[in-house]
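# Summary of structural features
Read off the chains here:
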Amino acid sequence: MTQHTDLPSDLLPATVREFFAAHVVRDADTASSLLAEDAVIVDQDETFRGREETYAFLRDAGSEFEYTTEQIGAHRVDDAHWVVTVRLEGTFPGGVAELDYRFALRNGLVAELVIANHPA
C-alpha cells in the first residue's frame, strides 16, 4: 500500500507543478516549454534527448490508452531534485501503476525527468 506524503502540491516548485499539470492533460506544447534545451527524459528505461525527442515523447506517451492520473505523493530531495508519485488507472496492461516522476531542475527548467515504477 502506498503511503501518501503530506507535501502539498503548492509546495512543489512552480516548474514541477506546471510541467506535471500540462503532462497530465497531454499538453505537450506547455510541458515541453518547461524543459531545458538539452533536457533528458527517461521513461521505463527508454531515453529521449533534446527538444525533438522529448517533445515527441510528451506528445505520444500513453496516447494509445485511456487512464486517470492521481498525485499520491511528493517530496523534496534537495533544492534541484523533486519526486512526484502518481497512481495511474486505465486501459493499459495491468490497469494500475504507481510511478515516480523524478525531476532534476536547472535554471528554473526541467533538465532531467526519470519516470520509473514506484518501489513497493
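I will try to describe carefully the structure that is included in this document. (Residues numbered from 1 in each chain as written. Predicted model: local features only at pLDDT ≥ 70, side-chain atom pairs only at ≥ 80, totals over all residues. Heavy atoms only, no water.)

Pairing is mixed across the open sheet formed by six strands, whose spatial order is β2-β1-β6-β5-β4-β3. Two strands in the sheet have a free side with no partner beyond their single neighbour: β2 (46–49) and β3 (67–78). This sheet shows a mean twist of 15 degrees between the axes of neighbouring strands, independent of strand direction. For strand β1 (residues 35–43) and β2, the ladder comprises four bridges, and the chain directions are antiparallel. Pairing of Ile-41 across the sheet is with Phe-48, part of β2. On the sheet, helix α1 (residues 14–24) packs against β1, β3, β4 (81–90), β5 (96–106) and β6 (109–117) and is oriented at approximately 140 degrees with respect to β5. (Pairing = 2+ DSSP bridges. Helix = DSSP H or I, 4+ residues; strand = E, 2+ residues; numbered from the N terminus. Axes fitted to C-alpha atoms, helices over the stretch in contact; angles between N-to-C directions. Contact = heavy atoms within 4.5 Å.)

We now examine the pairing of β6. Two elements, β1 and β6, share five bridges in a ladder whose sense is parallel. Note that in β6 the partner of Val-40 across the bridge is Glu-112. Relative to β6, β5 runs antiparallel, the two being bridged by eight bridges. Paired with Leu-105 across the two strands is Val-110, which belongs to β6. Counting the residues that bridge the hairpin from β5 to β6 gives two residues, and of these Asn-107 lies at a positive phi of roughly 50 degrees.

Along helix α3 (residues 50–60), the residues classified as buried are Gly-50, Thr-54, Phe-57 and Leu-58. Projection of α3 onto a plane perpendicular to its axis shows the buried side chains occupying an angular sector of 95 degrees, all on one side. Buried residues belonging to α3 abut α1, α2 (28–33), β1, β2 and β6. Of the residues trailing α3, Gly-62 is marked for its positive phi of about 75 degrees. (Buried < 20%, exposed > 50% of the residue type's maximum accessible area, 1.4 Å probe, protein only. Arc of directions from axis to C-beta.)

Working note: α-helix, 3.6 residues per turn, so residues spaced by three or four point in the same direction. Within α1, the full set of buried residues consists of Thr-15, Val-16, Phe-19, Phe-20, Ala-22 and His-23. What you see down the axis of α1 is that its buried residues fit within an arc of 165 degrees, all on one side.

Another point: unusual backbone geometry. Even without a glycine there, the phi angle at Arg-26 is positive, about 60 degrees. Within the element layout of this structure, Arg-26 appears in the loop between α1 and α2. Classification of Arg-26 as partly exposed rests on a relative accessible area of 35%. One non-glycine residue, Asp-45, lies in positive phi territory at about 75 degrees. Looking at the element boundaries, Asp-45 is found in the loop between β1 and β2.

What is shown is where atoms sit, not what they do.
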